[in-house]
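# Survey of secondary and tertiary structure
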Amino acid sequence: MIAENLAVLRQKIEETCKKADRNPADINIIAVSKYFGIDSILEATKCGLTNFGENRAQELTLKFEKLGSKVTWHFIGTLQKNKVKYVVNSAELIHSVDSVELVEEINKRAERIGKIQKILLEVKTSDEMTKSGLETESEIVSLVQRCSELKSIKLNGLMTMAPLTDDVNIIRKSFKDLRNLKDKINNKGFNLVELSMGMTSDFEIAIEEGATMIRIGSAIFGDRDYSKDWRQI
Ligand SMILES: *Cc1c(COP(=O)(O)O)cnc(C)c1O
């Protein structure tokens with residue numbers, strides 16, 4: 001099942017890259033394994049996937065206890081300050097950093113275990129109430145500046161989630177805005193590289209607009225069963 005899904009996904013990535021004149025090797029698939037168990041993750045690794053994304057600190061911690069660094073972990077969900085230490089312990093990259101308080105706490109926890117924590121700043125590129133992330137450009141630039149001063153933080157780029165809509169133009173604008181923001185920041189002398197954008201429903205648009213990481217769950221693992229107890233993985 002996962003192998004077939006992945007073959008379809010890789011084919012679509014390849015076609016989109018051809019259309020957008022991009023190299024498929026520049027698109028990293030983050031397999032979003034939330035609600036799926038260890039077996040599914042292991043099956044996915046057999047198909048060549050190495051990067052896995054989780055959106056809850058407890059679920060990530062549990063899976064990290066079982067799989068450790070056999071795979072590379074990404075944290076993509078809303079992060080509470082009191083969970084930072086668990087996430088810093090397990091995640092290679094935290095995609096969803098959206099406040100100076102979080103940045104300072106991540107820096108503190110990373111320093112304590114002798115790690116340089118790679119992060120992305122999550123940007124709110126739509127006005128949906130449900131989406132989190134940084135909003136104003138000046139807020140983002142000052143946080144980028146703060147990150148550059150902290151020794152145990154490495155800011156690698158930006159992340160966003162497009163609004164829930166069927167309107168392709170709105171989705172595209174959200175991804176374009178993120179890319180433009182990255183360019184603007186880099187023009188101020190910073191060196192942001194990664195754009196984490198695009199999920200199952202919109203990754204093709206994200207690739208066209210410059211995504212370097214796409215976060216794909218259901219197109220790889222199938223539909224999530226939200227009634228399942230995630231502790232039984
Ligand atoms: C769940 C999730 C995804 C993946 O969603 P799919 O639609 O299953 O591909 C991507 N990004 C974030 C932040 C998520 O929480």
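Now for a look at the structure at hand. Quick caveat, the model's predicted, so the values are computed rather than measured.

## Describing helix 5 (residues 100–112)
Given a rise of 1.5 Å per residue, 13 residues ought to cover 18 Å, and the 18 Å separating the end C-alpha atoms of helix 5 matches this to within 8%. Along helix 5, the positions that sit buried rather than exposed are L102, V103, E105, I106, N107, R109 and A110. Buried residues along helix 5 sit in contact with helix 4 (84–90), strand 4 (93–97), strand 5 (117–122), helix 6 (137–149) and strand 6 (153–159). A positive backbone phi angle near 70° is found at G114, which sits one or two residues after helix 5.

## Focus: the nonpolar core
Of all hydrophobic cores here, the largest spans 62 residues; its most connected members are I94, I119 and I220. Among residues more than four places away in sequence, those in contact with I119 are L93, I94, V97, V103, I106, C147, I153, K154, L155, N156 and G157. Listed in part, the five residues of the second largest apolar core include I30, L93, L120 and M213.

## Quick word on the pairing of strand 1 (residues 28–32)
Look at any regular strand and the pattern is simple: side chains alternate between the two faces of the sheet. Taken across its five residues, strand 1 has four buried, putting it largely inside the fold. Alignment of strand 1 against strand 8 (residues 213–216), held across four bridges, turns out to be parallel. Bridged to I30 within strand 8 is R215. Inspection of the sheet shows strand 1 paired to strand 2 (residues 51–54) by two bridges, in the parallel sense.

## Overview of the packing of helix 6 against helix 7 (residues 168–187)
Two elements in contact, helix 6 and helix 7, have axes whose closest approach is 11 Å; the angle formed by their N-to-C orientations is 50°. The orientation of helix 6 relative to helix 7 falls into the category oblique. Helix 6 and helix 7 meet at a crossing whose hand is right-handed. Where helix 6 abuts helix 7, its residues E137, I140, V141 and V144 lie against L181, K184 and I185.

## Thoughts on the site of the ligand
Around the ligand, the structure places V32, K34, I76, M161, M199, T200, R215, I216, G217, S218 and R224. Between the ligand and T200 there is a distance of 2.5 Å, counted from an oxygen atom to a side-chain nitrogen or oxygen. S218 has a polar backbone atom sitting 2.8 Å from an oxygen atom of the ligand. Protein contacts shield 91% of the accessible area of the ligand, which totals 390 Å² for the unbound molecule.

## Things to note about the environment of S152
Tracing the backbone shows S152 in the loop between helix 6 and strand 6. When the C-alpha positions of S152 and K188 are compared, they lie 22 Å apart, and in sequence the two are 36 residues distant.

## What to know about the pairing of strand 2
A two-sided burial pattern is seen for strand 2, the buried positions comprising N51 and G53 on one face and F52 and E54 on the other. Tracing the backbone out of strand 1, into helix 2 (residues 38–46) and back to the parallel element strand 2 gives a crossover that is right-handed. As paired elements, strand 2 and strand 3 (residues 72–75) share four bridges and run parallel to each other. By the bridge assignment, F52 is partnered in strand 3 with W73. Running through helix 3 (residues 57–67), the crossover from strand 2 to the neighbouring parallel element strand 3 is right-handed.

Cut-off values and rules
- Residues numbered from 1 in each chain as written.
- Predicted model: local features only at pLDDT ≥ 70, side-chain atom pairs only at ≥ 80, totals over all residues.
- Heavy atoms only, no water.
- Helix = DSSP H or I, 4+ residues; strand = E, 2+ residues; numbered from the N terminus.
- Expected span 1.5 Å × (residues − 1).
- Buried < 20%, exposed > 50% of the residue type's maximum accessible area, 1.4 Å probe, protein only.
- Contact = heavy atoms within 4.5 Å.
- Core = buried A, V, L, I, M, F, W, Y, C linked by side-chain atoms within 4.5 Å.
- Pairing = 2+ DSSP bridges.
- Axes fitted to C-alpha atoms, helices over the stretch in contact; angles between N-to-C directions.
- Parallel < 35°, antiparallel > 145°, perpendicular 65-115°, else oblique.
- Left-handed = near helix turned anticlockwise from the far one by under 90°.
- Near = heavy atom within 4 Å.
- Polar contact = N/O pair within 3.5 Å; in protein donor to acceptor, adjacent residues only side chain to side chain.
- Areas by Shrake-Rupley, 256 points an atom, 1.4 Å probe, with all protein chains shown as cover.
- Right-handed = clockwise from strand over helix to strand, strands pointing away.

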